[in-house]
Amino acid sequence: MTVFRLSKQLVFPPVQLSESDGLLAVGGDLSADRLLLAYRSGIFPWFDEPPILWWSPDPRFVLFPQNLRVSSSMKQVLKSGRFRITYNADFPAVIARCSRIARPGQTGTWITAEMKAAYIRLHQAGHAMSVECWQDDRLVGGLYGIKIGHCFFGESMFAEVSNASKAAFITFVQAYAHELKVIDCQVETEHLASLGATFISREEFLQLLDFS
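Residues numbered from 1 in each chain as written. Predicted model: local features only at pLDDT ≥ 70, side-chain atom pairs only at ≥ 80, totals over all residues. Heavy atoms only, no water.

What follows is about the environment of Pro14. Counting through the fold element by element, Pro14 comes out in the loop between strand S1 (4-6) and strand S2 (23-27). On the basis of relative accessibility, which here comes to 47%, the residue Pro14 falls in the partly exposed class. It is 10.0 Å that separates the C-alpha atoms of Pro14 and Ile43, two residues lying 29 residues apart in sequence. (Helix = DSSP H or I, 4+ residues; strand = E, 2+ residues; numbered from the N terminus. Buried < 20%, exposed > 50% of the residue type's maximum accessible area, 1.4 Å probe, protein only.)

Right, let's get into the state of the cysteines. The tally for this structure, following the rule as stated, stands at 0 disulfides. Free of any disulfide, Cys98 has its nearest neighbouring cysteine sulfur in Cys133, separated by 12 Å. (Disulfide = S-S within 2.5 Å.)

Between helix H1 (residues 32-40) and helix H4 (residues 113-124), the least distance of the axes is 10 Å, while the angle of their chain directions is 85°. When the axis of H1 is compared with that of H4, the two are roughly perpendicular. Along its contact with H1, which presents Ala32, Leu35, Leu36 and Tyr39, the element H4 presents Ala118, Tyr119 and Leu122. Here the residues of the contact of H1 with H4 sort into 7 nonpolar, no polar and no charged. (Axes fitted to C-alpha atoms, helices over the stretch in contact; angles between N-to-C directions. Parallel < 35°, antiparallel > 145°, perpendicular 65-115°, else oblique. Contact = heavy atoms within 4.5 Å. Nonpolar A, V, L, I, M, F, W, Y, C, P; charged D, E, K, R; others polar.)

The subject of this paragraph is the packing of helix H3 (residues 91-100) against H4. The N-to-C vectors of H3 and H4 enclose an angle of 150°; their axes lie 10 Å apart at closest approach. Judged by the angle between their axes, H3 and H4 are roughly antiparallel. As for the relative orientation of H3 and H4, their crossing is right-handed in sense. Contacts from Phe91, Pro92, Ile95, Ala96 and Ser99 of H3 reach H4 at Met115, Lys116, Tyr119, Ile120 and His123. Tallied by class, the residues present in the contact of H3 with H4 amount to 7 nonpolar, 2 polar and 1 charged. (Left-handed = near helix turned anticlockwise from the far one by under 90°.)

Further remarks concern H4. Taking 1.5 Å of rise per residue, the 12 residues of H4 would be expected to cover 16 Å, and the 16 Å separating its terminal C-alpha atoms lies within 8% of that figure. Inspection of H4 places Met115, Ala118, Tyr119 and Leu122 among the buried residues, and these make up the whole buried set. Take H4 and look down its axis: the buried residues cluster within an arc of 90°, on one side only. In H4, the exposed positions that point more than 90 degrees away from the buried face belong to Ala113 and Gln124. On its buried face, H4 sits against H1, strand S3 (44-45), H3, strand S7 (128-135), strand S8 (138-148) and strand S9 (151-159). (Expected span 1.5 Å × (residues − 1). Arc of directions from axis to C-beta.)

Attention now moves to the pattern of salt bridges. Here the structure, examined in full by the defined rule, presents 6 salt bridges. As a salt-bridge pair, Arg84 and Asp137 come within 3.4 Å of each other at their nearest N and O atoms. You can see Arg84 sitting in strand S6 (residues 84-87) and its partner Asp137 sitting in the loop between S7 and S8, a full 53 residues away along the chain. Classification of Asp137 by relative accessible area gives exposed; the value is 65%. Among the ionic contacts, a cluster of salt bridges with common partners joins Arg97, Arg138 and Glu160. (Salt bridge = Lys/Arg side-chain N within 4 Å of Asp/Glu carboxyl O.)

All right, on to the nonpolar core then. The biggest cluster of nonpolar side chains holds 44 residues, and the ones touching the most others in it are Trp54, Tyr119, Tyr144 and Ile146. Looking at this core element by element, the count peaks at 5 residues for H3. Val70, Met74, Ile85 and Phe152 belong to the second largest nonpolar core, which has 29 residues in total. (Core = buried A, V, L, I, M, F, W, Y, C linked by side-chain atoms within 4.5 Å.)

A separate point is the sheet that holds S8. Paired through their backbone hydrogen bonds, the strands of a sheet run either parallel or antiparallel. With mixed pairing, 7 strands are arranged side by side in an open sheet as S6-S7-S8-S9-S10-S5-S11. Both outer strands of the open sheet, S6 and strand S11 (198-200), are each paired with one neighbouring strand and no more. Averaged over neighbouring strand pairs, the angle between their axes works out to 35° when direction is ignored. Relative to S11, strand S5 (residues 60-63) runs antiparallel, the two sharing 3 bridges. Along S11, the bridge assignment pairs Arg60 with Ile200. Across the face of the sheet, H1 comes into contact with S8, S9 and strand S10 (182-186) while running at roughly 80° to S8. Sheet strands touched by H4: S7, S8 and S9. Its angle to S7, the strand with the most contacts, is close to 95°. (Pairing = 2+ DSSP bridges.)

So, in C-alpha cells, the structure goes:
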C-alpha cells in the first residue's frame, strides 16, 4: 500500500488506507486546524524528525472510563493525600517534562520543539489540557492530551516519583467520567493496560468519534 504525502490542502486520506503498522501519511504541518482535523478523523502525529508522520493504527488502544481499574494499593495512595492533582495549572511544564523523561527502549523523544509549540497553541485555544501531580508543591508527574467533545486523546505522561502519573491519570478519569465516552491511549503500554485499557477495532473507535 502507498503512504500518502500531504500537501498544503487541509485533508487526510481515508484511514482505512493506512499501512499495517498504522502509518497513513507524511508531511503537512502542525497547525491547529490540521491537528484538530486529524484527531476528529482518528489520526495522530508521531515522529522524531521531519517529515511529520501521521498514524491511525488498527486495533486502537483505549480506556472506557467505566472500566477503570484501581488497585487496592493505589486506592491507599490516593487516600493518603500524598499527591495534589490540578488541571491546566502548568501545561508548558507538563509537556516539557514529558519530552525529557527517559523511557525504556527509547534514546530520544518524539516531543520535539515543534510539537511542544503546536500543542501549547492548542492549549491556549482551549483544545489541549494538562493534569498535574504535585508533591510538597513540586511538580512530580502529569499528563496532557486533546479533549474534543466526549473524547480525550492522551498524548504523553511522566512521573518523577513512584505512582505520580497513575495518580494524575486515575484522578482525571474519575473526575471526567461523566462527560467522556472514551480515552484514546493510541498504543499499548503495560502501565495503561493495568488500569483497564484495552484494544478495540479502528472501525469501532471511529464510531465513537461522533462530534455532531
